[in-house]
Amino acid sequence: MATDVAGERVTLAEVAEEAGVSLSTISKVLNGRTDVAPGTRARVERLLHDRGYVRRGAGRSETHADLIELVFHELDPIWSMELIGGVESVAKAEGLSVVLTVSGSRHAPDPDWIEGVIRRRPVGVILVFSELAPEYREQLRARAIPFVIVDPAGDPSPDVPSVGSANWSGGLAATRHLIELGHRRIAAITGPEDMMCSLARLDGFRSAMNTAGLPIRDEWIRFGDFHTSGGRDRAREVLDGPERPTAIFAGSDMQALGVLEAARERGIRVPEDLSVVGYDDIPLARWLTPKLTTVHQPLRRMGEEAVLLALRLAEETVESTPRMDLATSLVVRDSTAPPAA
């Protein structure tokens, strides 16, 4: 806690008096110490937030380390690297280093993460999660540590800055491409059912099918896990049914890899017997055999925009809570073709 600025001491003294705790306890809360009772910590954080308290002189050079913290719940060696590359490129240009943290589930980081990030005091935090608990938001804001959620798995609160992509439009474009090729029996394997991006891509698929007047078969709608194994297992279920689709829209390129594997196991040729469309446009998509038709999700740019947004928030140049959805685009390669006669 700063002790050489009278205004701060008065403000913190008032908070301490109202909370019924000592200035030492206020200092412990502000500095992320763990030896404060949870109820006391919550009360102090709430008062700090309600009073709009921010450390005076909370600029990068004085109270923050020259770091951007990037937090995942898991590291996918291909998908994550695209996002990391975008974050690193902007951070390097700004003279910042990147701290990479893996914590929690896809919905939120682990509880002990907040204590660590408060100790590290980065310039900003980029979270690849669906949400950040209100108490975490208050703790970060009280210390002038801006945060941005990237590709939210859920629907972030209105006061949470986020950068995502146009998932619905991507699902629509992928399905329209298959319909325009002449496919009528089209299946969809999206991601987890509790992720907003999975549902949005599936909604885009449904919209394209409905607009074309094509039936949507419940047995051909599957929820995967965005991993190769999930795509393979769900594709096996679809391809082993009494009637086989002529095309599959996979909600991620990794799941599309699993679809290709399931097709090979059954002697089904791609694209002669089965067309496959992925989602993400990871670098591997262009090296597959056949090269994968996919929806380009600007993962690298999403990482770049998230850091730029966090820095603008740190400089207090953003007037309202920003939510940004970047455009997606269809990339047609060799894994799609008109259905066999």
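Our subject is the structure that appears above.
Residues numbered from 1 in each chain as written. Predicted model: local features only at pLDDT ≥ 70, side-chain atom pairs only at ≥ 80, totals over all residues. Heavy atoms only, no water.

It is worth spelling out the overall build of the protein chain at this point. Along the protein chain, the regular secondary structure elements total twelve helices and twelve strands. Along the longest, intermediate and shortest principal axes, the C-alpha atoms of the protein chain span 80 × 40 × 35 Å. Residues counted as buried form 51% of the 341 residues belonging to the protein chain. Counted over contacts in the protein chain with a minimum sequence separation of 6, partners at least 24 positions apart contribute 71%. Entry remark: accessible area of the protein chain is about 14,700 Å², with carbon and sulfur atoms responsible for 49%. Put simply, the protein chain has 39 plus and 50 minus side-chain charges, and the middle of one group is 2 Å from the middle of the other. (Helix = DSSP H or I, 4+ residues; strand = E, 2+ residues; numbered from the N terminus. Buried < 20%, exposed > 50% of the residue type's maximum accessible area, 1.4 Å probe, protein only. Contact = heavy atoms within 4.5 Å. Areas by Shrake-Rupley, 256 points an atom, 1.4 Å probe, with all protein chains shown as cover. Lys, Arg positive; Asp, Glu negative; His and termini not counted. Charge placed at Lys NZ, Arg CZ, Asp CG, Glu CD.)

What follows is about the sheet that holds strand β3 (residues 124–127). The six strands are arranged β2-β1-β3-β4-β5-β11 in an open sheet whose pairing can be described as parallel. In this open sheet, the two edge strands, each paired with only one partner strand, are β2 (97–102) and β11 (323–326). Within this sheet the neighbouring strands show an average axis-to-axis angle of 20°, counted without direction. Relative to β11, strand β5 (residues 162–165) runs parallel, the two sharing four bridges. From the neighbouring strand, Ser165 faces β11, where its bridge partner is Leu326. Against the sheet, helix α12 (residues 299–314) makes contact with β1 (67–72), β3, β4 (147–150), β5 and β11, and its axis sits at roughly 160° relative to β4, the strand it touches most. (Pairing = 2+ DSSP bridges. Axes fitted to C-alpha atoms, helices over the stretch in contact; angles between N-to-C directions.)

The next point concerns the side chain of Ser80. Inspection of the secondary structure puts Ser80 in helix α5 (residues 79–93). When near neighbours in sequence (up to four residues on either side) are disregarded, Ser80 contacts Phe72, Glu74 and Leu75.

The subject of this paragraph is the sheet that holds strand β12 (residues 329–331). Across the sheet, six strands lie side by side as β7-β6-β8-β9-β10-β12; this open sheet has mixed pairing. Edge positions in the open sheet fall to β7 (221–223) and β12, since each of these has one partner strand only. Across the sheet, the mean angle from the axis of one strand to that of its neighbour is 20°, orientation sign disregarded. Both strand β10 (residues 293–296) and β12 contribute to a ladder of three bridges, which runs antiparallel. Within the sheet, the bridge partner assigned to Thr294 lies in β12 and is Val331. Against the sheet, helix α11 (residues 253–265) touches β6 (186–190), β8 (247–250), β9 (275–280) and β10, its axis set at about 155° to β9.

Quick look at a nonpolar patch on the surface now. A surface patch of nonpolar side chains, amounting to about 250 Å² of accessible area, comprises Leu75, Leu100 and Val102. Position of Val102 relative to the elements: it lies in strand β2. Taking relative accessible area as the criterion, Val102 reaches 48% and is therefore assigned partly exposed. (Patch = residues over 30% accessible without salt bridge, like charges linked within 9 Å, V, L, I, M, F, W, Y side chains within 5 Å. Salt bridge = Lys/Arg side-chain N within 4 Å of Asp/Glu carboxyl O.)

To continue, consider helix α7 (residues 134–142). Among all positions in α7, only Tyr136, Arg137, Glu138, Gln139, Leu140 and Ala142 are buried. Looking at the buried positions of α7, the neighbouring elements they touch are α3 (38–50), α6 (113–120) and β4.

What follows concerns the pattern of salt bridges. Under the definition given, this model contains 18 salt bridges. Note that Arg234 is salt-bridged to Glu237, the shortest N-O span being 2.8 Å. With Arg234 and Glu237 both in helix α10 (residues 228–239) and three residues apart, the pair spans about one turn of that helix. The class of Glu237 is partly exposed, set by a relative accessible area of 34%. Several salt bridges share partner residues, and in doing so they unite Arg232, Asp233, Arg236, Asp240, Glu261, Glu265 and Arg266 into one network.

With respect to the secondary-structure elements, Leu308 resides in helix α12. For Leu308, a relative accessible area of 32% gives the class partly exposed. Along the chain, Leu308 and Glu94 lie 214 residues apart, while their C-alpha atoms are 9.6 Å from each other.

This next bit is on the environment of Asp155. Note that Asp155 resides in the loop between β4 and β5. Since its relative accessible area comes to 57%, Asp155 is described here as exposed. Along the backbone, Asp155 and Gly85 are 70 residues apart, and their C-alpha atoms lie at a distance of 25 Å. Setting aside chain neighbours within four positions, we find Asp155 in contact with Glu131, Met196 and Arg323.

The subject of this paragraph is the packing of aromatic side chains. Tallied over the full model, the rule gives one aromatic pair. Its guanidinium or amino end placed over the ring of Tyr279, Arg201 lies 3.8 Å from that ring's centre, counting from NZ or CZ. The ring of Trp220 is capped by Arg217, whose NZ or CZ atom sits 4.2 Å from the centre of that ring. (Phe/Tyr/Trp six-rings, centres within 6.5 Å; stacked < 30°, edge-to-face > 60°. Lys NZ or Arg CZ within 6 Å of the ring centre and 35° of its normal.)

Turning to the packing of α3 against α7, a few remarks are in order. Direction vectors running N to C along α3 and α7 enclose 55°, while the axes themselves pass 9 Å from each other. As judged from the angle between their axes, α3 and α7 are oblique. Read as a crossing pair, α3 and α7 show a hand that is left-handed. Along the contact surface, α3 presents Arg41, Glu45, Arg46, Leu48 and His49, while α7 presents Glu138, Gln139 and Ala142. Class assignment for the residues of the contact of α3 with α7 results in two nonpolar, two polar and four charged. (Parallel < 35°, antiparallel > 145°, perpendicular 65-115°, else oblique. Left-handed = near helix turned anticlockwise from the far one by under 90°. Nonpolar A, V, L, I, M, F, W, Y, C, P; charged D, E, K, R; others polar.)

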